[in-house]
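Here are the chains, one letter per residue:
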Amino acid sequence: MRKIRLGISSCLLGNPVRYDGQHQRNAFLCDVLGPLVDYVPVCPEVECGLPVPRESMRLVGDPAAPRLVTNFTGRDLTDQMNSWVKHRLDELATADLDGFVFKKDSPSSGLERVKVFNAKGAPVKTGRGLFAGAFIAALLIGQIHNFGAVYLPWAATVLPFMLMVRILIWRPTGFAGSRT
Ligand code: SF4
């Protein structure tokens, strides 16, 4: 029987890919769930070309469209991350995933309530990691497209288009989220 197939933030499996060369191994995910599922590990920061160890980073700016910037030298990694995300999402679309386990709080992998810092260095916890946000957006658009193709053929094109318009105009922090 086919096992459940889950994408997962690589550091949760014990892989030493964090900025400091450490990992965030989760015993439940590894020891209890691990034997029952097939994991597809993803580390956005390493896979987009950054080394281990590397400078730590955070989200800054407009919480609705934050930039990914390193903490000490202020290097803006947003474009590097986003161009990798597009390519990786195409691959994951064919990976037959049943779900994804995201590492919380990460500016790349965190799914919700990730800190976004304003110009004065004050954080608001309304962001999503760049990879996690793009993954959820792609998933929703794919689901809408599939639903439309089966039940409402005309909507298969129109609904994703309307969703993209909403993203571009209102730039929500999440699809059910609010702007700050
Ligand atoms: S980018 Fe994601 S997978 Fe990689 S170390 Fe950070 S939290 Fe873990």
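Residues numbered from 1 in each chain as written. Predicted model: local features only at pLDDT ≥ 70, side-chain atom pairs only at ≥ 80, totals over all residues.

Considering the overall build of the protein chain
- The helix and strand inventory of the protein chain stands at five helices and seven strands.
- When the elements of the protein chain are put in sequence order from the N terminus, they spell out β-α-β-α-β-β-α-β-β-β-α-α.
- Looking at the protein chain as a whole, 23% of its 180 residues are labelled buried.
- Looking at the protein chain alone, contacts between residues at least 24 apart form 54% of all its contacts between residues at least 6 apart. (Helix = DSSP H or I, 4+ residues; strand = E, 2+ residues; numbered from the N terminus. Buried ≥ 20, exposed ≤ 12 C-beta atoms within 10 Å, placed from the backbone. Contact = placed C-beta atoms within 7 Å.)

Some thoughts on the nonpolar core
- Counting residues in each nonpolar core, the largest one holds 17 residues, and the members touching the most others are Leu59, Leu68, Met81, Leu130, Phe131 and Ala132.
- The set of elements that each furnish at least two residues to this core consists of strand 3 (57–60), helix 3 (78–93), strand 6 (114–117) and helix 4 (130–151).
- A per-element tally of this core places helix 4 first, with four residues.
- Sequence-distant contacts of Met81, defined by excluding residues within four places in its chain, comprise Pro44, Cys48, Leu68, Ser108 and Leu130.
- Counting six residues, the second largest nonpolar core, distinct from the first, contains Ile8, Cys11, Val17 and Cys43. (Core = buried A, V, L, I, M, F, W, Y, C linked by C-beta atoms within 7 Å.)

Focus on the sheet that holds strand 7 (residues 123–127)
- With mixed pairing, the four strands of this open sheet are ordered in space as 4-3-6-7. Each edge of the sheet is formed by a strand with only one pairing partner; in this case those strands are strand 4 (67–70) and strand 7. Neighbouring strand axes in the sheet, compared pairwise and without regard to direction, differ in orientation by 55° on average.
- In this sheet, strand 7 lies alongside strand 6 in antiparallel orientation, the contact comprising four bridges. (Pairing = 2+ DSSP bridges. Axes fitted to C-alpha atoms, helices over the stretch in contact; angles between N-to-C directions.)

Comments concerning the site of the ligand
- Looking at the ligand, the residues that line it are Ser9, Ser10, Cys11, Val17, Arg18, Cys43, Pro44, Glu45, Lys103, Ser106, Ser108 and Ser109.
- Tallied by class, residues from the shell around the ligand come to four nonpolar, five polar and three charged. (Near = placed C-beta within 6 Å. Nonpolar A, V, L, I, M, F, W, Y, C, P; charged D, E, K, R; others polar.)

Section: the sheet that holds strand 1 (residues 4–9)
- Pairing within the open sheet is parallel, and its three strands lie in the order 2-1-5. Where the open sheet ends on each side, the last strands, each with one partner, are strand 2 (37–42) and strand 5 (99–101). Taking the axes of each pair of neighbouring strands and ignoring which way they run, one obtains an average angle of 30° across the sheet.
- When strand 1 meets strand 5, the two strands line up parallel, connected through three bridges. Within the sheet, the bridge partner assigned to Gly7 lies in strand 5 and is Phe100.

Considering the confidence of the model for the protein chain
- For the protein chain, the mean per-residue pLDDT works out to 86, and 78% of the residues sit at or above 70.
- A low-confidence stretch, residues 171–180 (pLDDT under 50), is modelled with 19 contacts involving residues beyond four sequence positions or located in other chains. (pLDDT = per-residue confidence, 0-100.)

Describing unusual backbone geometry
- Here the amide bond leading from Val52 into Pro53 is cis, since omega sits at -5°, within 30 degrees of zero.
- Within the secondary structure layout, Pro53 lies in the loop between helix 2 (44–47) and strand 3.
- Here Arg113, not a glycine, exhibits a phi torsion of approximately 55°, which is positive.
- Structurally, Arg113 is set in the loop between strand 5 and strand 6.

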